[in-house]
Amino acid sequence: MTNFAAILAPFVTILSIISPVTSRATAATSPAPAPSLTSKESFIVQGKVYCDPCRIQFPTKLSYPLPNTKVVLRCTNRDTGAQTYTAEGKTDAKGMYTLNATGDHEEEICDVRIKESPNSKCPELMDDESIARVSLTDKNGVRGKARMANPIGFMVKEIDPRCKEVLAEIGIIGI
């Protein structure tokens, strides 16, 4: 079965990188819209938290979900870095989370973060995969209320011996 989150994740990442550039360009050429104090916009942010037994910081067939992991959605002001919005949740038995976000956050940087693993066998926060940027606006070409965040996770301390074979299957050798 196709994992649509894995397929859509690169596109969400690209849009979250492009969006700040295009929104600044648009702001320079057109007047800013009046802020809405009673914004009724809402978004559903979904993603997965996993354990990486190969310490390569991307999911493989040996990776496994981390249930009961606390996740935090945080938005900050693009210019000052001040926190403007937060929402918290936990992953389910499959390592999946769903967070509800209210309001339009077009001029903010929003991401989902993890800090502490609930699994003592997988305690180390990944360098590259512990934060997933998400776009919480519908003013950048992304339509709909659902936002899929890239997978984020933790690593084991010792590499699983099966990793060499699994990585060779996908063309990664010499590890």
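See above for the structure.
These figures come from a predicted structure and were not determined experimentally. (Residues numbered from 1 in each chain as written. Predicted model: local features only at pLDDT ≥ 70, side-chain atom pairs only at ≥ 80, totals over all residues. Heavy atoms only, no water.)

1. Quick look at the overall build of the protein
Our working rule: Note on conventions: DSSP H or I runs of at least 4 residues are helices, E runs of at least 2 residues are strands, and numbering of each starts at the N terminus. Working definition: with a 1.4 Å probe on protein chains only, accessible area under 20% of the residue-type maximum means buried, over 50% means exposed, and in between means partly exposed. A 1.4 Å probe and the Shrake-Rupley method give the accessible areas. Residues count as covered only by the protein chains that appear here.
A tally of helices and strands in the protein yields 2 helices and 10 strands. Listed N to C, the secondary structure of the protein is α-β-β-β-β-β-β-β-β-β-β-α in terms of helices and strands. Per-residue burial over the protein gives 39% buried out of 175 residues. Looking at the protein as shown, the accessible area adds up to about 10500 Å², and 57% of this sits on carbon and sulfur atoms.

2. Things to note about the state of the cysteines
Note: disulfide means a covalent bond formed between the sulfur atoms of two cysteine side chains. Stated precisely, the cut-off is as follows: The term disulfide is used for any two cysteine sulfur atoms that are within 2.5 Å.
Per the stated rule, a full pass over the model turns up 3 disulfides. The residue that forms a disulfide with Cys51 is Cys122, at a sulfur-sulfur distance of 2.0 Å. For the disulfide bridge between Cys51 and Cys122, the dihedral angle about the S-S bond is near 105°, and by the sign convention the bridge is right-handed. Of the two residues, Cys51 is situated in strand E1 (residues 42-52) and Cys122 in the loop between strand E6 (108-113) and strand E7 (124-125); the sequence distance between them amounts to 71 residues. Relative accessible area serves as the criterion here: at 0%, Cys122 is assigned to the buried category. With its sulfur 2.0 Å from that of its partner, Cys54 forms a disulfide with Cys163. Between Cys54 and Cys163, the S-S dihedral sits near -90°, and the bridge is therefore left-handed.

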